[in-house]
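This is what each chain is made of:
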Amino acid sequence: MASLRNANPRLKNYFKENYIPQVCEALLCGILVTCPEDPLRYLEGMIMVIIKSGLQNLLWDMCITPSMKPNIRRLSETYLEQLFELDDQLMTPELMIKACSFYTGHLVKTHFCTWRDIARTNENVILAEKMNRAVTCYNFRLQKSVFHHWHSYMEDQKEKLKNMLLRIQQIIYCHKLTIILTKWRNTARHKSKKKEDELILKHELQLKKWKNRLILKRAAAEESNFPERSSSEVSLVDETLKCDISLLPERAILQIFFYLSLKDVIICGQVNHAWMLMTQLNSLWNAIDFSSVKNVIPDKYIVSTLQRWRLNVLSVSKYAHYNYLNLQELNVSGCPTFTDESMRHISEGCPGVLCLNLSNTTITNRMMRLLPRHFHNLQNLSLAYCRRFTDKGLQYLNLGNGCHKLIYLDLSGCTQISVQGFRYIANSCTGIMHLTINDMPTLTDNCVKALVEKCSRITSLVFTGAPHISDCTFRALSACKLRKIRFEGNKRVTDASFKFIDKNYPNLSHIYMADCKGITDSSLRSLSPLKQLTVLNLANCQFLDGPASIRIRELNLSNCVRLSDASVMKLSERCPNLNYLSLRNCEHLTAQGIGYIVNIFSLVSIDLSGTDISNEGLNVLSRHKKLKELSVSECYRITDDGIQVRSLRSSVKELRLKFFFFSQ
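Residues numbered from 1 in each chain as written. Predicted model: local features only at pLDDT ≥ 70, side-chain atom pairs only at ≥ 80, totals over all residues. Heavy atoms only, no water.

Let us now look at the overall build of the chain. When you go through the chain residue by residue, the secondary structure sums to 23 helices and 16 strands. Expressed as a percentage of its 664 residues, the buried residues of the chain come to 35%. If you take every contact in the chain between residues at least 6 apart in sequence, the share linking residues at least 24 apart comes to 65%. Split by element, the accessible area of the chain, about 40700 Å² in all, is 56% carbon and sulfur. (Helix = DSSP H or I, 4+ residues; strand = E, 2+ residues; numbered from the N terminus. Buried < 20%, exposed > 50% of the residue type's maximum accessible area, 1.4 Å probe, protein only. Contact = heavy atoms within 4.5 Å. Areas by Shrake-Rupley, 256 points an atom, 1.4 Å probe, with all protein chains shown as cover.)

Right, dumping it as structure tokens:
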């Protein structure tokens, strides 16, 4: 049977239903691939395998050993359908799909190549157009940015010009006002001076007229030899009333009565009605000092006086009672009758006190409690040598509104204050600028550290009689902007402190370090960078050279016994702007050193007391033209001949000399 294409359809169905082509294909593929020695037994065995697995699971490579199966893929289910011509068509779906895929791919490739060629043709033109648009856009943005910056610059210039014009107008206006005020002031001064001159001239004329009348009356009395002189005396008294000082300007009257004590003012007020009116000028009672009469006048008269002038009193010394709303300064220093009750009356009636001096009184913690409650504007407080209060009293300073406006504080001699007490002061008085602590041997570095933790505004500091202060204090004070500092009689302050001053206190203008034995020449060299230093006191210190600073105006080197003529020579070179110089008790200073002092042309005052200079030194010193004051006490080598130097005598009106010596 070569072909079944024209066979009976029933036969074709039989072949397909019983999988005859698939069975033949599987057996044939197995024989062709495996090539068994006994093909019949192989076919028999494979037929049994096909029967067991079923015709539905038949595959074309089922009869092939797994290790020998070829890696090929069929295009159709079986090739025997075409072999026996059981399939009516030659092309299978797989071949059709493959053909369509190939055709589609070829068609897409052809169209893509055509599109690419067309795109490449127009790509350069489009790119050029885009580049031109980009360049145009970039230039526009650049111009816009430049214009924006230029506009901002011009607006700033216009604003500056406008401000400059306003400033010029203000300067012109201020200058005009200054000219007007200057002319007005000069005119007012001229009129005032003219008025005073006229008044003085009037009084001089009255006095002259009175003198002439007196002379004429005396002459007439002498000529007539009138025995009774009582009438002339009466006329003299009558004439003196015409030249009463009550006619003087109020300013002159006040200046006259300011030189009198309280007792003398009261006596003057009892002369007559005119003098009583003069003693009742309000400005005369702004400050009252009861210190000279506190043991003479009873308390009731003092109280009545204060009540009479309570609206004018600004300053009271030694006593105070009741209400004085305008009182600004109160001084009860050393008052033995000052008690807690007195302090209560003061605190309730004098809320405007700015300066309060309680030194050498017996104030207690109870009094200290009243300070922050009533004296809200207190700026100056002195508690020197008040030893009845404790640290707890200082803690009260922070009650109520506190003493936060306190600027000046004096704690001299308050040896009962501990480190905790200074910490209380720092918490309540953070605005302290001037601090004075003298005669306090219990003061230590820890006390100062506790104080400056919060009091960073201190500009002036005085520690005299505090032997336990050391270099650590200077390190602790670095947080403050010190301008004036004073240490005296301290042996623990060394050169390290001065090196620390150089780096941390550039605004120091006054330094008082008298009787500090630990200071040497190295300390003086550390002071040279201080640009604001004008006053330097290094009395009773041990060094050979003087300081080096061109801004020093006042220098005290008293009792520096190691200073010599060479030191003075260096001093004249390093400090050319000195005005005041003290070399008291510098025993090694001779006439040669005086010659170097003459080279300090700005010198006005010099103290050479206790030195070894002689008449020759005075002769050399006479060449200085600007010297106004000279002190040479206890210079026993100077004689009367030295004083009679012609140049000294010629300037004696401007030169004050103080001599205590034995003439030869």
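Now that the structure has been shown, the text picks up again.
It is worth spelling out unusual backbone geometry at this point. Positioned with a positive phi, Asp439 is a non-glycine residue whose angle comes to about 50°. Mapped onto the elements, Asp439 comes out in the loop between strand E7 (434-436) and helix H15 (445-452). A positive phi angle, near 65°, is found at Asn559, a position not held by glycine. Relative to the helices and strands, Asn559 resides in the loop between strand E12 (554-556) and helix H19 (565-574). Given the relative accessible area of 29%, Asn559 is considered partly exposed.

What follows deals with the pairing of strand E9 (residues 484-488). In E9, alternate side chains face the same way, and those of Ile485 and Phe487 are buried while those of Lys484, Arg486 and Glu488 on the opposite face are not. The sheet contact formed by strand E8 (residues 460-464) and E9 spans five bridges and is parallel. Pairing of Thr464 across the sheet is with Glu488, part of E9. Crossover connection from E8 via helix H16 (residues 471-476) to parallel E9: handedness right-handed. (Pairing = 2+ DSSP bridges. Right-handed = clockwise from strand over helix to strand, strands pointing away.)

Right, let's get into the packing of helix H2 (residues 20-34) against helix H3 (residues 39-53). Running from N to C, H2 and H3 point in directions that differ by 135°, and their axes come no closer than 11 Å. In this view, H2 runs oblique relative to H3, as classed from their interaxial angle. At the point where H2 passes H3, the crossing takes the right-handed sense. Here Val23, Leu27, Gly30, Ile31 and Thr34 of H2 lie close against H3, whose contacting residues are Tyr42, Leu43, Met46, Ile47 and Ile50. A class-by-class count of the residues in the contact of H2 with H3 yields eight nonpolar, two polar and no charged. (Axes fitted to C-alpha atoms, helices over the stretch in contact; angles between N-to-C directions. Parallel < 35°, antiparallel > 145°, perpendicular 65-115°, else oblique. Left-handed = near helix turned anticlockwise from the far one by under 90°. Nonpolar A, V, L, I, M, F, W, Y, C, P; charged D, E, K, R; others polar.)

For H15, the tally of buried residues reaches six of eight residues, placing the bulk of the element in the interior. Looking at H15, one finds that the buried residues are Asp445, Cys447, Val448, Ala450, Leu451 and Val452. Turning to H15, the residues buried within the fold contact helix H14 (419-428), E7, E8 and H16.

A cluster of nonpolar side chains, namely Leu161, Met164, Leu165, Ile168 and Ile172, defines an oily patch on the protein surface of about 460 Å² accessible area. Assignment of secondary structure puts Met164 in helix H5 (residues 93-224). (Patch = residues over 30% accessible without salt bridge, like charges linked within 9 Å, V, L, I, M, F, W, Y side chains within 5 Å. Salt bridge = Lys/Arg side-chain N within 4 Å of Asp/Glu carboxyl O.)

Of all five residues in strand E10 (residues 510-514), four are buried; the element is thus mostly enclosed. Sheet topology note: the E9/E10 ladder contains five bridges and is parallel. Across the sheet, the residue bridging to Glu488 is Ala514, located in E10. Across three bridges, the pairing between E10 and strand E11 (residues 535-537) is parallel. The residue of E11 that forms the bridge with His510 is Val535.

Here we take up the confidence of the model for the chain. When pLDDT is averaged along the chain, the result is 76; 79% of the residues meet or exceed 70. In the model, residues 226-242 has pLDDT below 50 throughout and makes 12 contacts with residues more than four positions away in sequence or in other chains. This stretch, residues 318-325, has a pLDDT under 50; its non-local contacts, to residues over four places away or in other chains, come to 35 contacts. (pLDDT = per-residue confidence, 0-100.)

Glancing now at the pattern of salt bridges. Under the counting rule described, the total for this entry stands at three salt bridges. Among the salt bridges present, the one from Arg41 reaches Asp38, with a minimum N-O distance of 3.2 Å. Classification of Asp38 by relative accessible area gives partly exposed; the value is 34%. One salt bridge in this structure joins Asp607 and Arg584, with 2.9 Å as the shortest N-O distance. Placement of the pair is Asp607 in strand E14 (residues 605-607) and Arg584 in the loop between strand E13 (580-582) and helix H20 (591-597), with a sequence separation of 23 residues. Assessed through its relative accessible area of 14%, Asp607 is described here as buried. On the basis of relative accessibility, which here comes to 29%, the residue Arg584 falls in the partly exposed class.

The subject of this paragraph is the nonpolar core. With 98 residues, the main nonpolar core has Leu356, Phe422, Met513, Leu583 and Leu608 as its most contacted residues. At five residues, H15 tops the list of elements feeding residues into this core. Counting the residues that make up this core, at least three belong to each of domain 3 (285-314 + 324-481) and domain 4 (509-663). Ignoring sequence-local partners within four residues, the contact set of Phe422 consists of Leu411, Ile417, Ile437, Met440, Leu443, Cys447, Ala450 and Leu451. (Core = buried A, V, L, I, M, F, W, Y, C linked by side-chain atoms within 4.5 Å. Domains from an automatic or database assignment.)

What follows deals with the packing of H14 against H15. Where H14 contacts H15, the axes come no closer than 7 Å and their chain directions differ by 20°. Taken as axis vectors, H14 and H15 run roughly parallel relative to one another. Remark: the crossing between H14 and H15 carries right-handed chirality. Taking contact as the criterion, the partners of Val419, Phe422, Arg423, Ile425 and Ala426 in H14 are, on H15, Asn446, Cys447, Ala450 and Leu451. Classifying every residue of the contact of H14 with H15 gives seven nonpolar, one polar and one charged.

A word on the packing of aromatic side chains. Each aromatic ring pair is characterised by the separation of its centres together with the angle its planes make. Tallied over the entire structure, the rule returns four aromatic pairs. On the basis of an interplanar angle of 35° and a centroid distance of 5.8 Å, the ring pair of Phe147 and Trp150 is categorised as tilted. Linking Phe147 with Trp150, this pair stays in helix H5, spanning three residues, or about one helical turn. What makes Trp150 partly exposed here is its relative accessible area of 47%. With a centroid separation of 5.5 Å and an interplanar angle of 90°, the aromatic rings of Phe463 and Phe487 are classed as edge-to-face. Taken together, the residues Phe463 in strand E8 and Phe487 in strand E9 connect sequence positions 24 residues apart. The same class applies to Phe463 and to Phe487, which are both buried. (Phe/Tyr/Trp six-rings, centres within 6.5 Å; stacked < 30°, edge-to-face > 60°.)

With that settled, the discussion passes to the side chain of Asp391. Considering the arrangement of structural elements, one finds Asp391 in helix H13 (residues 391-395). Sequence-distant contacts of Asp391, that is, excluding residues within four places in its chain, are made with Gln416, Ile417, Ser418, Gln420, Gly421 and Tyr424.

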